[in-house]
Amino acid sequence: MNEYIAIETSPSLQGTVDLAGAKNAILVIMASLILTRGKSTLSNVPYSEDVLHMIRLLESLGAQVVHDEETKTLTVDTSSISSVHIGPDIMKKMRASILVLGPLLARFGKADVALPGGCVLGMRPIDYHIKSFAKMGATFTQSNDLLHAQANSLKAIDHILAYPSVGATENIMMAAVLAKGSTRIINAAIEPEVLDLVEVLRKMGARIELEAPATIIIEGVSSLESINHHVMYDRLEAGTLILAAAITGGGIALPTAPAASMTVFLSLLEEMGHEVTFGLQGQGIFFKATSHPRAVSFKTMPYPGFPTDLQAPMMAALCLASGTSVIHETVYENRLVHVRELQKMGAQIVIDGQTATVVGVDELYGAAVIASDIRAGAALLIAGLAAHGQTTMTGVHHIKRGYDGIVPKLAALRGRISAHYDEC
Ligand code: EPZ
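Here the structure is a predicted model, which is why all the values come from computation and not from measurement. (Residues numbered from 1 in each chain as written. Predicted model: local features only at pLDDT ≥ 70, side-chain atom pairs only at ≥ 80, totals over all residues. Heavy atoms only, no water.)

A look at the sheet that holds strand β16 (residues 275-278)
So, point 1. Pairing is mixed in the open sheet, where four strands are placed in the order β2-β15-β17-β16. A strand with exactly one partner marks an edge of an open sheet, and here the two such strands are β2 (14-16) and β16. Averaged over all adjacent pairs, the angle separating strand axes in this sheet is 10 degrees, with direction ignored.
So, point 2. Pairing of strand β15 (residues 251-254) with strand β17 (residues 285-288), which is carried by four bridges, proceeds in the antiparallel orientation. Its bridge partner lying in β17, isoleucine 252 is registered against phenylalanine 287.
So, point 3. Helix-sheet contacts for helix α8 (residues 235-247) involve β15 and β17, and the interaxial angle to β15 is about 165 degrees.
So, point 4. Contacting β16 and β17, helix α9 (residues 263-271) crosses the sheet at an angle of about 140 degrees to β16. (Pairing = 2+ DSSP bridges. Helix = DSSP H or I, 4+ residues; strand = E, 2+ residues; numbered from the N terminus. Axes fitted to C-alpha atoms, helices over the stretch in contact; angles between N-to-C directions. Contact = heavy atoms within 4.5 Å.)

Focus: helix α6 (residues 166-176)
In an α-helix, one full turn covers 3.6 residues, which means residues spaced three or four apart are oriented alike.
So, point 1. Burial runs high along α6: ten of the eleven residues are buried.
So, point 2. Where α6 is concerned, the buried positions are Gly167, Ala168, Thr169, Glu170, Asn171, Ile172, Met173, Met174, Ala175 and Ala176.
So, point 3. The opening residue of α6 is serine 165, an N-cap whose side-chain oxygen sits 2.9 Å from the backbone nitrogen of alanine 168. (Buried < 20%, exposed > 50% of the residue type's maximum accessible area, 1.4 Å probe, protein only. Polar contact = N/O pair within 3.5 Å; in protein donor to acceptor, adjacent residues only side chain to side chain.)

Description of the side chain of serine 165
So, point 1. Within the secondary structure, serine 165 is located in the loop between β10 (158-160) and α6.
So, point 2. Dropping the residues within four chain positions of it, serine 165 is found in contact with Tyr128, His129 and Ala189.

A look at the sheet that holds strand β20 (residues 348-352)
So, point 1. Read from one edge to the other, the open sheet built from four strands follows the order β18-β19-β21-β20, with strand pairing classed as mixed. A single partner strand is all that each edge strand has here, and the edge strands are β18 (298-299) and β20.
So, point 2. Sheet strands touched by helix α10 (residues 311-318): β18, β19 (324-328), β20 and β21 (355-359). Its angle to β19, the strand with the most contacts, is close to 170 degrees.

Some words on the site of the ligand
So, point 1. Around the ligand, 21 residues are found, and the nearest of them are Asp127, Ser165, Gly167, Asp309 and Val331.
So, point 2. Here an oxygen atom of the ligand and a backbone polar atom of valine 331 are 2.6 Å apart.
So, point 3. Tyrosine 332 is positioned such that a nitrogen or oxygen atom in its side chain is 2.8 Å from an oxygen atom of the ligand.
So, point 4. A total of 820 Å² of accessible area belongs to the ligand in isolation, and the protein chains cover 89% of it.
So, point 5. Contributing elements (two or more residues each) for the shell around the ligand: α1 (23-32), α5 (127-135), α6 and α12 (374-386).
So, point 6. Here the shell around the ligand takes three residues from α5, the largest share from any one element. (Near = heavy atom within 4 Å. Areas by Shrake-Rupley, 256 points an atom, 1.4 Å probe, with all protein chains shown as cover.)

Quick word on unusual backbone geometry
Of all residues except glycine, most have a negative phi; of all peptide bonds, most are trans.
So, point 1. Alanine 212 connects to proline 213 through a cis peptide bond whose omega is -5 degrees.
So, point 2. Within the secondary structure, proline 213 sits in the loop between β12 (207-211) and β13 (215-219).
So, point 3. In the segment running from tyrosine 303 into proline 304, the intervening peptide bond is cis, with an omega of 10 degrees.
So, point 4. Structurally, proline 304 is set in the loop between β18 and α10.
So, point 5. We note that lysine 72 has phi near 55 degrees; this positive angle belongs to a residue other than glycine.
So, point 6. In the Ramachandran plot, asparagine 187 falls in the positive-phi region, its phi being about 65 degrees despite a non-glycine side chain.
So, point 7. Along the polypeptide, asparagine 187 turns up in the loop between β11 (182-186) and α7 (192-204).

Some remarks on the nonpolar core
So, point 1. Membership of the largest hydrophobic core comes to 81 residues, with the highest contact counts inside it found for Met173 and Leu201.
So, point 2. Beyond its immediate sequence surroundings of up to four residues, methionine 173 is in contact with Ile185, Val194, Leu197, Val198, Leu201, Ile208, Ile216 and Ile218.
So, point 3. If you look at the next biggest cluster of nonpolar residues, it comprises 74 residues, including Phe306, Ala312, Leu318 and Tyr421. (Core = buried A, V, L, I, M, F, W, Y, C linked by side-chain atoms within 4.5 Å.)

A look at the pattern of salt bridges
Should the charged atoms of two oppositely charged side chains come close, the side chains can pair.
So, point 1. For the coordinates displayed, the defined rule picks out eleven salt bridges.
So, point 2. For arginine 235, the salt bridge goes to glutamate 193, with nearest N and O atoms at 2.8 Å. You can see arginine 235 sitting in helix α8 and its partner glutamate 193 sitting in helix α7, a full 42 residues away along the chain. A single burial state applies to arginine 235 and to glutamate 193, both of which are buried.
So, point 3. Arginine 340 serves as the salt-bridge partner of glutamate 341, at 3.3 Å between the closest nitrogen and oxygen.
So, point 4. Since its relative accessible area comes to 49%, arginine 340 is described here as partly exposed. (Salt bridge = Lys/Arg side-chain N within 4 Å of Asp/Glu carboxyl O.)

Some points on the side chain of serine 83
So, point 1. By secondary structure assignment, the location of serine 83 is in the loop between β5 (73-77) and β6 (85-86).
So, point 2. Reaching out from serine 83, the side chain makes a polar contact with the backbone nitrogen of histidine 85 at a distance of 2.9 Å.
So, point 3. Look past the residues within four positions of serine 83 in its chain and what remains in contact with it is Ser60, Leu61 and Leu104.

Here's the deal with the domain arrangement of the protein
When the parts of a complex come together, some accessible area is lost, and that lost area is often used as the size of the interface.
So, point 1. Split by domain assignment, the protein resolves into domain 1 (2-20 + 233-422) and domain 2 (23-220).
So, point 2. Together, the buried faces of domain 1 and domain 2 total about 2,000 Å²; carbon and sulfur atoms form 49% of this surface.
So, point 3. For domain 1, the biggest contributors to the area lost against domain 2 are Tyr303, Arg401 and Asp404; these three give 31% of the whole.
So, point 4. For the pair domain 1 and domain 2, the interface holds three salt bridges.
So, point 5. Along the contact surface separating domain 1 from domain 2 lie seven residue pairs in polar contact (both at pLDDT 80 or more).
So, point 6. Breaking the side of domain 1 that touches domain 2 down by element, the ones donating at least two residues are α8, α12 and α13 (397-402).
So, point 7. Top contributing element to the side of domain 1 that touches domain 2 by residue count: α13, with four residues.
So, point 8. Classifying every residue of the side of domain 1 that touches domain 2 gives ten nonpolar, five polar and ten charged. (Domains from an automatic or database assignment. Buried area = accessible area lost by both parts, 1.4 Å probe. Nonpolar A, V, L, I, M, F, W, Y, C, P; charged D, E, K, R; others polar.)

Next up, the structure:
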């Protein structure tokens, strides 16, 4: 077993924790810099393998990137970008690479990208992205698994999304900001990370308005300027840490947590019997676990519904709640792979399609488990903190890809957890 994380039964987590910048904001914001010619500075940048991959992707296009891990800042000079080709070695490593398609088409009118890898969450197609770009006038040819996209000029049109896809919304927006005329994205994703991208594009000089309930209107402009931006804090890291405190009966403070964007998740924690209080102006969460958590049921939904990315960590905490919880995953067709691993630890869970029924048990037991995706891995870390005996988790590259130092953060809160791998 070369790389693994070891977790022992832990005391209740206590303490204060600073969050990292949001993984699902930083990647698309880095891609959006391709739209500008100049030097931009990003602060509050999380340190993860996905960020390192995106740096390598930008450098492969010719951008100059300076990454200061100490100060968590990135300086990206895109004036030297000269290529529109991204090879499979980079594209396959990270699905978010597809987010460079919109900016490349907008700025250069062409892009050669390898098709992104799928992952265990399911096929994870990119049909919404391709169809939308085709409607804007882009043409596509495919040779092997390289996609050649060409668009002399992109048209500003209405897009009606069959599903509020986060990536498709972001890609269309980035393609539209330089398209002459008015683009509307109807049934758009409005996740906080999408809105952080809207803020970045507006800083660049883009003209973007939001119209209730979920329409994004973009008036094309002729060029965009480089920017400075502080990346939003990661609500998914906050939820993960809170659930680790919940399962150990602990109490933690997260002064930078974006509480206002976590209401559905936090209200379910209160329904379980936990105590949640907020800082001023909807920022900051102070969490205190109940010693007798109750079962709750929920289904995952696009924002502002319960986030699919907290479904697995929440399921872990519900394994030890009293009663039966019914969890329905509606966003992905295959996001219950962590159930099998939780069952190895003694969890009582039955799956029917995309619905998991969790009957609370008194104890979980340490086991050798495997992370199948980033949030499944987080769920297993959470379960391991409360399980009797040692849990060893492999598949740690998922954790390294998407969390910035979650192991030392849990250890600093009294979690008995150690990483046995080279930090990325
Ligand atoms: C983003 O992925 C996030 N990733 C995911 O976070 C998150 O789970 C997801 O949004 C939903 O909130 C990043 O932002 C980097 P989607 P994305 O397009 O954009 C289907 C994590 O754990 N779909 O909203 O890829 C798709 O298969 C990761 O942090 C199509 O069918 O998600 C899925 O079932 C995991 N065709 C659903 O829509 C398409 O062209 C939602 O996907 C695109 C998507």
